[in-house]
Amino acid sequence: MKLTDINIRDPYILCSGDWYYMYGTRAETCWGAAEGFDCFKSKDLENWEGPFEIFHRPEGFWADRCFWAPECYELNGKYYLVATFGSEKHKGIQILQSDTPDGTFQIMTETPLTPDDWNCIDGMLYQEKEKIYLIFSHSFEDVPAGDMCMVELEKNLSCIKGKIITLFSAKDADWAVPIPFAKAEFGMDGDVYFTDGPAVYRQQNGKLLILWSSWGEKGYTVGQAVSDSGKIEGPWRHLEQIVFGPDGGHGMFFHTKEGALKYLLHYPNQPGDEHPLLLELAETELGLKATFCDKIIYHVVFNVKITGLKLMLFFIIQHSFISLTDCIPMTDMIGCQIFSSGKYLAVFYCRLLSHEQSNIIIGIVNTMFHIFSVLKISNIIIQIRIGLL
């Protein structure tokens, strides 16, 4: 199967030996009763096997919902799964252990590492010198400002060690906005912000960054912060350059077997449609930036007359994001929508279309897909210019 066939949120990839192991939140049980976690395996990042269940809720386990964001780490010959669990009372972070990355993971502790009277989500491990830290989000139910926190762990990962430190808050990032559904979905008044999906990365120039997700003006967005001291304690400062947006997030980075830097997140952020999206990740003077791959084989241009705003669309075939010049920065893909048809993928680079306009475009796309399928032509860009011509 391909990544577009896998319906998960919060994807995470571990490269171990000859295999890539991918973990994530089961999208179908994300917002309700939950039972476990799965693993997918690949040798080339394109063709995947699975799902293989690696954890199933044992009888009597305290959590029955919010089985979120599993991340797998290889330490001293063992594999540790850091994950979020929840109950009617609260959400917390626990660590599971296994001898293999795709084996059955066992719960290490009876209760979460995070405080029982806190709602905590999306934990990750970060090592600095001889210390291991848990980086996590202190959820908006407790802190409407949306805090990103850190605490040192014992070397055996059995419990926290020392005081929990707040690294930064979502409300202080210029690009972040209050979530618009706080009142309707959570009954919360006033401005409510959130942080999730932390990923700590040290650039080649020594800068220490945290990539993290929140709500931007156009939806789910990934931003970044930099430590002015170069250490995990900070102080942390938000950067203007976002990494990805809109409508996708909870990303993580990893290096391929060849050493290339990749970025993985779920996109779009729509229930039932989420799937892992794999991108290039480049270091810049302004921080990290995710981009589409640069791979052009054919380029076909159509002009269409239509009443309304002047729009532009990029249709990209065979699940490859292809640019017309060098690379299209993810931050320039404003208001994009994705739909798929068979083995083909179409990306709208435009504002939202009306119902009538959408029907016209879908008709054109389906016709082109049929022609290309009959002719067995692949790797084609169709650029459709729409406007008053």
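Residues numbered from 1 in each chain as written. Predicted model: local features only at pLDDT ≥ 70, side-chain atom pairs only at ≥ 80, totals over all residues. Heavy atoms only, no water.

A. Spotlight on the pattern of salt bridges. Per the stated rule, a full pass over the model turns up 13 salt bridges. Notably, a salt bridge pairs Arg-26 with Glu-53, separated by 2.8 Å at the nearest N-O pair. Highlighted residues: Arg-26 in strand β2 (residues 19-26) and Glu-53 in strand β4 (residues 48-56), separated in sequence by 27 residues. Two residues, Arg-65 and Asp-64, come together in a salt bridge whose shortest N-O distance is 2.9 Å. Given a relative accessible area of 30%, Asp-64 falls into the partly exposed group. (Salt bridge = Lys/Arg side-chain N within 4 Å of Asp/Glu carboxyl O. Helix = DSSP H or I, 4+ residues; strand = E, 2+ residues; numbered from the N terminus. Buried < 20%, exposed > 50% of the residue type's maximum accessible area, 1.4 Å probe, protein only.)

B. Quick peek at unusual backbone geometry. Residue Pro-51 is bonded to the preceding Gly-50 through a cis peptide linkage, with omega at 5 degrees. Locating Pro-51 in the fold gives a position in strand β4. Following Tyr-267, the chain continues into Pro-268 via a peptide bond in cis, with omega recorded as -10 degrees. Look at Cys-66: it is not a glycine, yet its phi comes out positive at around 55 degrees. Mapped onto the elements of the fold, Cys-66 is located in strand β5 (residues 65-75). Although it is not a glycine, Leu-157 adopts a positive phi angle of roughly 65 degrees. If you trace the backbone, Leu-157 turns up in the loop between β11 (147-153) and β12 (160-169).

C. Representation of the packing of aromatic side chains. Across all of its chains, the model carries 22 aromatic pairs by this definition. Their ring planes at 50 degrees and their centres at 5.7 Å tell us that Tyr-12 and Tyr-73 sit as a pair that is tilted. Taken together, the residues Tyr-12 in strand β1 (residues 8-16) and Tyr-73 in strand β5 connect sequence positions 61 residues apart. Neither residue differs from the other here; Tyr-12 and Tyr-73 are each classed as buried. By way of ring pairs, the aromatic residues Phe-37, Phe-55, Phe-61, Trp-62, Phe-67 and Phe-85 are connected into one cluster. Here Lys-41 stacks its cationic end above the ring of Trp-19, 4.6 Å away from the centre of that ring. (Phe/Tyr/Trp six-rings, centres within 6.5 Å; stacked < 30°, edge-to-face > 60°. Lys NZ or Arg CZ within 6 Å of the ring centre and 35° of its normal.)

D. Highlighting the pairing of strand β9 (residues 120-128). With eight of its nine residues buried, β9 lies for the most part within the structure. With seven bridges connecting them, β9 and strand β10 (residues 131-138) associate as antiparallel partners. Bridge pairing links Leu-125 to Leu-134 in β10. Where β9 folds back on β10, the antiparallel hairpin that results is connected by two residues, among which Lys-129 adopts a positive phi of roughly 60 degrees. (Pairing = 2+ DSSP bridges.)

E. Broad picture of the nonpolar core. Ranked by size, the top nonpolar core spans 69 residues in total, and within it Leu-125 and Ile-135 carry the most contacts. In terms of residues, this core owes the most to one element, strand β6 (residues 78-86), which gives six residues. Once residues lying within four places of it in the same chain are set aside, the contact partners of Ile-135 are Asp-122, Gly-123, Met-124, Tyr-126, Met-148, Cys-149, Met-150, Leu-167, Pro-198, Val-200 and Ile-232. In terms of nonpolar packing, the next biggest core, distinct from the first, is built from 18 residues, Leu-209, Val-226, Phe-244 and Leu-261 among them. (Core = buried A, V, L, I, M, F, W, Y, C linked by side-chain atoms within 4.5 Å. Contact = heavy atoms within 4.5 Å.)

F. Structural context of the pairing of strand β19 (residues 275-284). Two strands pair when backbone bridges link them, and strand β18 (residues 261-267) and β19 are joined in this way by six bridges, in the antiparallel orientation. In the strand pairing of β19, Leu-264 is matched with Leu-278. Examined bridge by bridge, β19 and strand β20 (residues 287-291) share five bridges and lie antiparallel to one another. Looking at the pairing, Glu-280 lines up with Thr-291 of β20. Here β19 hands over to β20 after two residues, the two strands then running antiparallel side by side.

G. Structural view of the confidence of the model for the protein chain. On average, the protein chain scores 82 in pLDDT, and the residues at 70 or more come to 76%. Here residues 293-352 scores under 50 on pLDDT; set against residues more than four positions off or in separate chains, the count is 186 contacts. Counted against residues more than four places away or in other chains, residues 385-389, with its pLDDT under 50, gives 23 contacts. (pLDDT = per-residue confidence, 0-100.)

H. Representation of the environment of Trp-48 within the structure. Looking at the element boundaries, Trp-48 is found in strand β4. Taking relative accessible area as the criterion, Trp-48 reaches 3% and is therefore assigned buried. Put simply, Trp-48 and Met-22 are 26 residues apart on the chain and 9.1 Å apart in space, counted from C-alpha to C-alpha. Contacts of Trp-48, omitting those with residues within four sequence positions, involve Met-1, Lys-2, Leu-3, Ile-6, Ile-13, Tyr-20, Met-22, Phe-40, Lys-41 and Ser-42. At 3.3 Å, the side chain of Trp-48 forms a polar contact with the backbone oxygen of Leu-45. (Polar contact = N/O pair within 3.5 Å; in protein donor to acceptor, adjacent residues only side chain to side chain.)

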